[in-house]
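# Examination of the molecular architecture
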Amino acid sequence: MSVSGDTAASAHLNQAIALAVENVAVGGGPFGAVVVTADGRVYGGANRVTADYDPTAHAEVVAIRRACAELETFDLSGSTLYTSCEPCPLCVAASLWARLDAVVFAADRHDADRAGFDDKRFYDHFDGVAPAIAITPGAAENPLAPFAAWAENPGRTEY
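Here is a short report on the structure shown in this document.

What counts, and where the lines are drawn
Throughout this description, residue numbers start from 1 for each chain and increase along the sequence as written. Where totals are concerned, whole chains, interfaces and linings use all residues; where local detail is concerned, this predicted model gives features only for residues with pLDDT of at least 70, and gives and counts side-chain atom pairs only at 80 or more. With hydrogens and water set aside, each side-chain value is computed from the structure's full complement of heavy atoms. By definition, any uninterrupted DSSP run of H or I lasting at least four residues is a helix, any uninterrupted run of E lasting at least two residues is a strand, and each is numbered from the N terminus. Summary of the burial criterion: residues with accessible area below 20% of their type's maximum are buried, those above 50% are exposed, and those between are partly exposed, where the area comes from a 1.4 Å probe applied to protein chains only. The contact definition used throughout considers only heavy atoms, calling two residues in contact when any of these lie within 4.5 Å. Here the open area of atoms and residues is found with the Shrake-Rupley method and a 1.4 Å probe, where only the protein chains shown may cover a residue. We count Lys and Arg on the positive side and Asp and Glu on the negative side, and we leave His and both chain ends out. A charge is said to be at NZ when it belongs to Lys, at CZ for Arg, at CG for Asp and at CD for Glu. In this scheme, a helix's expected span is set at 1.5 Å multiplied by one less than its residue total. The arc in question is formed by the directions pointing from the helix axis toward the C-beta atoms. Salt-bridge detection follows one rule: a side-chain nitrogen of Lys or Arg within 4 Å of a carboxyl oxygen of Asp or Glu. Grouping buried Ala, Val, Leu, Ile, Met, Phe, Trp, Tyr and Cys residues that are joined through side-chain atoms within 4.5 Å yields what is termed a nonpolar core.

### Focus: the overall build of the chain
Counting its secondary structure elements, the chain contains 7 helices and 4 strands. Reading the secondary structure of the chain in the N-to-C direction produces α-β-β-α-α-β-α-β-α-α-α. Each principal axis of the C-alpha atoms in the chain carries an extent, and together these give about 50 × 40 × 30 Å. Buried positions account for 34% of the 159 residues belonging to the chain. Intrachain contacts of the chain at a sequence separation of at least 6 include 46% that bridge at least 24 residues. Split by element, the accessible area of the chain, about 9800 Å² in all, is 58% carbon and sulfur. The chain carries 10 positive and 21 negative side-chain charges, and their two centres are separated by 1 Å.

As structure tokens, then:
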């Protein structure tokens, strides 16, 4: 993907790439990301999967978590995520939940596959080809109990 013509976007994308390279130098994965708010504040993150023993600590998720924590919000509307590599389905979902306006990436899923990362099987799962894991409904006594408790709680924070 080209971001030519937009020097600010290129600078943010290059910052995400630099975070990824720095992360490799300290033993982390080769992924970096920055969230840039509408007013220009920047929140970076690097892949922490192996460092934190957390399979969800992808660079994009780390950057989103950092931005949300520092801004004290779960809604990043108006913000853009710049990432060193095309986001996997987990990171796309996190971007959607964070209400980001856009995602811009450098390397793509095929580059990651050639580098030895197995993200392709997750993309394939969501494309309907050879699901990576079975996802099926199960039987429970009261599956709607959490929603009832939510509806009855006058102190809830809507989202």
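The rest of the description comes next.
### Topic: the environment of His110
Take His110: it is sitting in helix α5 (residues 109-114). In this structure the C-alpha to C-alpha distance between His110 and His58, which are 52 residues apart in sequence, comes to 18 Å.

### Overview of helix α1 (residues 7-25)
With 19 residues, α1 should cover 27 Å at 1.5 Å per step; its first-to-last C-alpha distance of 27 Å lies within 8% of that length. All of the buried residues along α1 are Ala9, His12, Leu13, Ala16, Ala20 and Asn23. For α1, the buried positions fall inside an angular range of 100° around the axis, keeping them on one side. Exposed residues on α1 whose side chains face more than 90 degrees from its buried face are Thr7, Val21 and Ala25. Buried residues in α1 make contact with β1 (32-36), β2 (42-46), β3 (80-85) and β4 (102-107).

### Looking at helix α6 (residues 119-126)
An α-helical segment advances 3.6 residues per turn. Residues three or four places apart therefore align on the same side. If you check which residues of α6 are buried, you get Asp119, Tyr123 and His125. Taken end-on, α6 shows its buried residues confined to a sector of 155°, consistent with a single buried face. Trailing α6 by a residue or two, Gly128 shows a phi angle of about 85°, which is positive.

### A few points about the pattern of salt bridges
Taken as a whole and judged by the stated rule, the model has 8 salt bridges. In this structure, Asp39 engages Arg41 in a salt bridge whose closest nitrogen and oxygen atoms are separated by 2.9 Å. Given a relative accessible area of 52%, Asp39 falls into the exposed group. Overall, Arg41 belongs to the partly exposed group, its relative accessible area being 40%. With a closest N to O distance of 3.0 Å, Glu86 and Arg109 form a salt bridge. Here Glu86 is found in the loop between β3 and α4 (89-97), whereas its partner Arg109 is found in helix α5, with 23 residues between them in sequence. With relative accessibility at 26%, the residue Arg109 sits in the partly exposed group.

### Examining the nonpolar core
Core analysis: the largest hydrophobic core is formed by 20 residues, its most contacted members being Val35, Ile64, Leu76 and Leu100. Only β1, α3 (59-71), β3 and α4 provide two or more residues apiece to this core. With 6 residues, the single largest contributor to this core is α3. Membership of the second largest hydrophobic core comes to 6 residues, among which are Ala9, Val34, Val36 and Tyr82.

### Some words on unusual backbone geometry
Here the phi dihedral of Tyr53 falls at roughly 55°; this positive angle occurs in a residue that is not glycine. Mapping Tyr53 onto the fold places it in the loop between α2 (49-52) and α3. One non-glycine residue, Arg99, adopts positive backbone phi at about 65°. One can find Arg99 in the loop between α4 and β4. We classify Arg99 as partly exposed; its relative accessible area is 36%.

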